[in-house]
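Tertiary structure, described
Single-letter residue listing:
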Amino acid sequence: MTGIPLSLALIALLLGLQLSAALDSGTTSRVRTGSSSVDGAAVPGKNESGLPVITEMTLGTEVQRLIDSGAILPMASFDAAQCLREQNIPDSVLIMEEVAWGAEETPGWLLVHGPGDRETLRSTGGIVSATVVLPQCGSVQDADPAANLLWTGQVMVGSV
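Description of the structure in this document.

Turning our eyes to something else, we now look at the state of the cysteines. Using the criterion set out here, one finds one disulfide in the structure. Two residues share a disulfide in this structure: cysteine 83 and cysteine 137, whose sulfurs sit 1.9 Å from each other. Disulfide cysteine 83-cysteine 137: torsion about the S-S bond near 95°, hence right-handed. With cysteine 83 in helix H3 (residues 80–86) and cysteine 137 in the loop between strand E4 (126–133) and strand E5 (149–157), the pair connects residues that are 54 residues apart, well separated along the chain. Its relative accessible area of 0% is what places cysteine 83 among the buried residues.

Now the structure itself:
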């Protein structure tokens, strides 16, 4: 041999195989496949209503997608500014999207907010705040605002 002990070579080989298997399983797509009709709105990552289904694990990806696409939805009957005020968040809404939250697919709104503006965020990236709230947030003055909060935190996004 080349002077490498056989036991060390076997350990290196086994470690390499384990790392290879871990890398393979870590990069494999976990998208559920299924069949749906052409007319159906359900696709991977969306519910039957066509709303994106997000969790804490997929929140960052969804925020990045929203910032990259630049899509702005009309507020309809949802008052995002009032909702943020009720949550004691002084930021302005940069972008928002109607979503289904978690395994239960609770209807809600994803509010991406911060002190800056969306175009600067798109060009430079950085940390942005995200809040997921129930649709009634901002509409009932006597309700407990904390009861409308599903998730809040910060998300790191890259530049476009």
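One finds Leu59, Val63, Leu110, Val128 and Val132 to be the most contacted residues of the largest nonpolar core, which totals 18 residues. Looking at this core, the elements with two or more residues in it are helix H2 (59–69), strand E2 (92–101), strand E3 (106–114), E4 and E5. Within the second largest apolar cluster, 10 residues are counted, among which are Cys83, Ile89, Trp109 and Cys137.

This next bit is on the sheet that holds strand E1 (residues 53–54). Pairing between sheet strands relies on hydrogen bonds along the backbone, with the strands arranged either parallel or antiparallel. Taken in spatial order, the five strands line up as E1-E2-E3-E4-E5 in an open sheet, and their pairing is mixed. In this open sheet, the two edge strands, each paired with only one partner strand, are E1 and E5. Here E4 pairs with E5 via eight bridges, running antiparallel. Pairing of serine 129 across the sheet is with glutamine 154, part of E5. Relative to E5, H2 is tilted by about 65°, and along the sheet it contacts E1, E2, E3, E4 and E5.

Bringing the environment of valine 112 into the picture now. With respect to the helices, strands and loops of the structure, valine 112 is situated in strand E3. Taking the relative accessible area as the measure of exposure, valine 112 reaches 0% and is therefore buried. For the pair valine 112 and alanine 130, spaced 18 residues apart in sequence, the C-alpha to C-alpha distance is 4.5 Å. Those residues in contact with valine 112, other than ones at most four positions away along the chain, are Val63, Leu66, Ser92, Val93, Leu94, Ile95, Val128, Ser129 and Ala130.

What follows is about the pattern of salt bridges. One pass over the full model with this rule turns up four salt bridges. Between glutamate 97 and arginine 65 there is a salt bridge, and its shortest N-O distance comes to 2.7 Å. Here arginine 65 lies in helix H2 and glutamate 97 lies in strand E2, a separation of 32 residues in the sequence. You can call glutamate 97 buried: its relative accessible area is 8%. We classify arginine 65 as partly exposed; its relative accessible area is 37%.

Let us look at the side chain of glutamine 87. Looking at where glutamine 87 falls in the secondary structure, it is placed in the loop between H3 and E2. Look at glutamine 87 and you get buried, because its relative accessible area is 15%. Aside from chain neighbours lying at most four places away, what touches glutamine 87 is Cys137, Pro145, Ala146, Asn148 and Leu149.

Cut-offs applied
- Residues numbered from 1 in each chain as written.
- Predicted model: local features only at pLDDT ≥ 70, side-chain atom pairs only at ≥ 80, totals over all residues.
- Heavy atoms only, no water.
- Disulfide = S-S within 2.5 Å.
- Helix = DSSP H or I, 4+ residues; strand = E, 2+ residues; numbered from the N terminus.
- Buried < 20%, exposed > 50% of the residue type's maximum accessible area, 1.4 Å probe, protein only.
- Core = buried A, V, L, I, M, F, W, Y, C linked by side-chain atoms within 4.5 Å.
- Pairing = 2+ DSSP bridges.
- Contact = heavy atoms within 4.5 Å.
- Axes fitted to C-alpha atoms, helices over the stretch in contact; angles between N-to-C directions.
- Salt bridge = Lys/Arg side-chain N within 4 Å of Asp/Glu carboxyl O.

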